[in-house]
Amino acid sequence: MNRLNNLILIFALCFSTFSFSQGKQKITIEYAGIAASDPEIEDGALVFLRDESQQVHFIHKGVNMWCDKAIYYEDQDYIEAFSNVNMKQGDSISMVAKYVEYSGKTELAFAQGDVVLTEPQSVLTTDKLYFDRTRQLAYYNTNGKVVKDSSGTITSQIGRYYMTAKKYQFTKNVILVNPDYTLNTERLDFFPDNGHAYLFGPSTIVGETSRIYTERGFYDTNANTGYFQRNAKVYYDNRTVEGDSIYFDRNRSFASATNNITVTDTINNSIVKGHYAEVWRDKDSVFITKRALAITVQEQDSVYLHADTLMVTGKEDNRITRAYYNAKLYKSDLAGKADSIHVDHKTGLTQLINLARYSSTDVFALARKPVLWNLGNQMTGDTIHLISNVETEKLDSLKVFNNAFLVSKDTLSEDGFNQIKGQRLIGLFRDNEIYNVDIIKNAETIRYMRNDANELIGIQKSKSGSINIQIVDQAIDEVRFNNQIDGNIFPEADFPRSSKRLRGFDWRGEERPLSVEDLFKDDPPLVLPKITGLEDYVPPEDFVDDSVMERIEEASEAVPNKPNKAARNLPIKESEQEQTEHPKDSIRLQLQDTMKQPLKPVNKTLEDKEQLKDSIELIPQDKTKSLLKLGDKSLQDKQQLKDSIELIPQDKTKSLLKLGDKPLEDKEQLKDSIELIPQDKTKSLLKPGDKPLENKEEKKKVKEKEGQ
């Protein structure tokens, strides 16, 4: 101490308690080595110092505080504690700092300098900390760090700790660093006891093998599982999962999604859509159902595959797609339908399969039989293989096994069909159009034969061991019969109606999907589950709320003629802090609240041209009336106004425009301001003389006069 009064009280406080209060509510001193008064500090204030044995010790309502030096203002029940300050609340919460202020009346504390708050599950460090014992709320706004062993380290610009709920609330530049991942968000509610974290606003969780984006989410930092909503996305290597709701398990490399799902594979140029999906990263597999749709993106023409359920498995160089139950295939020149479709992306083999568990006597077996349409041709059989060239992405060949049947409609007859059937069918493609067909074993045909004028010559019906067909411009051009058994050409009138269809004929043209939308036309109505579970964002409460202000005002009543120490070192509100960090936004907010005079966004003078421009840009169009008046009449044109200003001597430009207490004394500054004024608002703006300058000639004369 610099100067002490002559009276120095040296305490050898070996007894239990010394108190400066008569009631239990005031601060009590348990121990002090030296006590003295110091008029240079404040009349009535007492200074306490530690001795060699122990620190100064205070108690108030279950809180113990130790320090090397303290100043106690008894009339305000207020303490300033210096050096090695240690506060403890109960057995679980402690705080150390270089300096602490504490009010026994308001139960508000302020700590500064290497502040460390410790609770059983975490440690908080910051430079400044505010503590409200009544609400059991700790608060910082100058950057802080929380360390929890199993969860990692959390840093933020602003933070709160609710001691009763055992909950941290972090806002602004929140970063959680864990050995396995890094989490970034705008607001994080964190519970150290169980490691649960709630994310608000744009957030990312980036690990070695995955990246997550969400705007509302939950993450269990102990179990490494999460639940994400609102623009949620999970990135696995070259695969992206999007959906209304996503569940994530880091330990199993697993994600599931619900409603409006899109899984994008950038390596294989494929997209899978649906309304429920499961993705296994290590197995490189996707399971998706509910309006499931797989899209293989190609330069020329994409392929669409739809079924009740889709499975995509295997690495990019050995990928398999399985579609089962009511599977359908569509591209512009090809369509197919089967009970199950199997696609090997490495070999280009697509298999349309009728599942063996269905009996051929089942009345619905025919409807499940694979069918393929290429341009005007329909092909059916027990199993169909379609082979594509993986390099050119074009169709190469076609194989139909058992009960092969090829049908095309005769376009000129009312109900005539060209038909070819046999045990097997092999087709060849050129530029995605079938041009050669071989029917092998037990081949039969019905063919409508026409001449060059498309006149019907007759209907050919024949049987042979095999048939070769050449197709040109989507029509049969030539037919070759090998080992023909019989055959004949009949006039249409003599051809029996009962013989117009070969056994097993089934024209299914009405089932053919003609667009992507047609793939879903037989699906039952889609009913999606309602996504619930995460509460909406609630803005954080201010540390200085109405209850705090009431306590501060009540504390001031005891010392009406002195500064109220309980009102010292209070944090500013976050909205005010935001304005301090972003002054342009601050001007905008003040404009919205105080737009009484259009060109006064603030009460201070705008002395900078750029500040003037920024202010004028913020003025609503309907507030620009009466911006500038130099005469009684109006100049209708803004450019004319600017030209007129050019003629005004510099020393005459004072009082032209006032945004604060001082005039803008520069013509260019004035002209820049006028440029922002809407054309229809420039009435009554400027009059250099008795009349407005209405035309160029008049302006020219004025310029010449000024030059003389």
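Remember, it's a predicted structure, so these values are computed and weren't measured experimentally. (Residues numbered from 1 in each chain as written. Predicted model: local features only at pLDDT ≥ 70, side-chain atom pairs only at ≥ 80, totals over all residues. Heavy atoms only, no water.)

J.: Now, about the overall build of the protein: what can you tell me, with residues and values included?
T.: Of the regular secondary structure elements, the protein holds eight helices and 37 strands. When burial is assessed residue by residue, the protein has 47% of its 708 residues classed as buried. Considering only contacts in the protein between residues 6 or more positions apart, those separated by 24 or more positions represent 47%. As presented, the protein carries roughly 36,000 Å² of accessible surface, and 47% of it is formed by carbon and sulfur atoms. (Helix = DSSP H or I, 4+ residues; strand = E, 2+ residues; numbered from the N terminus. Buried < 20%, exposed > 50% of the residue type's maximum accessible area, 1.4 Å probe, protein only. Contact = heavy atoms within 4.5 Å. Areas by Shrake-Rupley, 256 points an atom, 1.4 Å probe, with all protein chains shown as cover.)

J.: So, the pairing of strand S8 (residues 69-73): which residues are in play, and what are the values?
T.: For a regular strand, the rule is simple: side chains alternate between the two faces of the sheet. The buried fraction of S8 amounts to four of the five residues, a majority that puts the element mostly inside the structure. Relative to S8, strand S5 (residues 45-49) runs antiparallel, the two sharing five bridges. The residue bridging Val 47 from the neighbouring strand is Ile 71, located in S8. By the bridge criterion, five bridges tie S8 to strand S9 (residues 78-89) in an arrangement that is antiparallel. Within the sheet, the bridge partner assigned to Lys 69 lies in S9 and is Phe 82. The hairpin turn running from S8 into S9, its antiparallel successor, is four residues long, and Asp 77 in that turn takes a positive phi close to 50 degrees. (Pairing = 2+ DSSP bridges.)

J.: Outline the pattern of salt bridges, listing residues and values.
T.: Applying the stated criterion across every chain yields a total of 32 salt bridges. With a closest N to O distance of 3.9 Å, Arg 508 and Asp 506 form a salt bridge. What makes Asp 506 partly exposed here is its relative accessible area of 23%. One salt-bridge network, held together by shared partners, links Asp 132, Arg 135, Glu 541, Asp 545 and Arg 551. (Salt bridge = Lys/Arg side-chain N within 4 Å of Asp/Glu carboxyl O.)

J.: Explain the side chain of Asn 374 to me, and be specific about the residues and the numbers.
T.: When you line up the elements, Asn 374 lands in strand S30 (residues 371-374). There is a polar contact of 3.2 Å between the side chain of Asn 374 and the backbone oxygen of Asn 432. For Asn 374, the side chain forms a polar contact with the main-chain nitrogen of Ile 434, separated by 3.3 Å. Here Asn 374 is in contact with Asp 333, Leu 334, Met 379, Phe 429, Asn 432, Glu 433, Ile 434 and Arg 512, once residues within four sequence places are set aside. (Polar contact = N/O pair within 3.5 Å; in protein donor to acceptor, adjacent residues only side chain to side chain.)

J.: Which residues make up unusual backbone geometry, and what are the values?
T.: A positive phi is found at Lys 441, a non-glycine position, where the angle reads about 75 degrees. Its identity is not glycine, yet Asn 454 carries a phi of approximately 60 degrees, on the positive side. Among the secondary structure elements, Asn 454 is positioned in the loop between strand S35 (433-450) and strand S36 (456-472). When its relative accessible area of 48% is taken as the criterion, Asn 454 is described as partly exposed.

J.: I'd like a rundown of the pairing of strand S32 (residues 383-389), residues and numbers included.
T.: Two strands pair when backbone bridges link them, and strand S29 (residues 349-353) and S32 are joined in this way by five bridges, in the antiparallel orientation. By the bridge assignment for S32, Ile 353 is matched with Thr 383. Taking the residues between adjacent antiparallel strands as the criterion, S32 and strand S33 (residues 394-409) are bridged by four residues, where Glu 393 takes a positive phi near 60 degrees.

J.: Kindly report on the nonpolar core, identifying the contributing residues and their values.
T.: If you look at the biggest cluster of nonpolar residues, it comprises 99 residues, and the most contacted ones within it are Phe 48 and Leu 398. Not counting residues within four places of it along the chain, the set of residues in contact with Leu 398 comprises Leu 372, Met 379, Ile 384, His 385, Leu 386, Leu 425, Ile 426, Gly 427, Phe 429 and Ile 434. (Core = buried A, V, L, I, M, F, W, Y, C linked by side-chain atoms within 4.5 Å.)

J.: Before we move on, can you summarise the packing of aromatic side chains with the specific residues and values?
T.: The geometry of two aromatic rings is summed up by the distance between their centres and the angle between their planes. Tallied over the entire structure, the rule returns 21 aromatic pairs. Seen in terms of ring centroids, Tyr 139 and Phe 543 are 5.6 Å apart; in terms of plane orientation they differ by 25 degrees. Their pairing is stacked. In this pair, Tyr 139 sits in strand S13 (residues 137-140) while Phe 543 sits in the loop between strand S37 (475-490) and helix H2 (546-556), placing the two residues 404 residues apart along the sequence. Of the residues examined, Tyr 139 reaches a relative accessible area of 2% and is grouped as buried. In this structure an aromatic cluster arises from ring pairing among Phe 110, Tyr 130, Tyr 139 and Phe 543. Seen from the ring of Phe 417, Lys 409 lies directly overhead, with NZ or CZ sitting 5.2 Å from the centre. Between Lys 565 and the ring centre of Tyr 73, over which it is positioned, the NZ or CZ distance is 4.3 Å. (Phe/Tyr/Trp six-rings, centres within 6.5 Å; stacked < 30°, edge-to-face > 60°. Lys NZ or Arg CZ within 6 Å of the ring centre and 35° of its normal.)

J.: So, the side chain of Ser 210: which residues are in play, and what are the values?
T.: Residue placement: Ser 210 occurs in strand S20 (residues 210-220). At 3.4 Å, the side chain of Ser 210 and the side chain of Arg 250 are in polar contact. Apart from the residues within four sequence positions on either side, Ser 210 is in contact with Ile 205, Tyr 235, Tyr 236, Phe 248 and Arg 250.

J.: Please provide a residue-by-residue account of the confidence of the model for the protein, values included.
T.: For the protein, mean pLDDT is 79; residues scoring 70 or higher make up 76% of the total. Strand S10 (residues 93-103) holds the highest mean pLDDT among the elements of the protein, 96, whereas strand S1 (residues 8-10) holds the lowest, 38. Note that residues 619-638 has pLDDT below 50 and, in this model, 58 contacts with residues that lie over four places away or in other chains. Predicted confidence is poor over residues 652-665, with pLDDT under 50, and the contacts of this stretch with residues over four places away or in other chains come to 32 contacts. (pLDDT = per-residue confidence, 0-100.)

J.: Talk me through the environment of Asp 522; I want residue IDs and the actual numbers.
T.: By secondary structure assignment, the location of Asp 522 is in the loop between S37 and H2. Through-space distance from the C-alpha of Asp 522 to that of Asn 326 is 9.1 Å; in sequence the pair is 196 residues apart. Here Asp 522 is in contact with Lys 328 and Lys 337, once residues within four sequence places are set aside. Of note is the side chain of Asp 522, whose polar atom sits 3.1 Å from the side chain of Lys 328.

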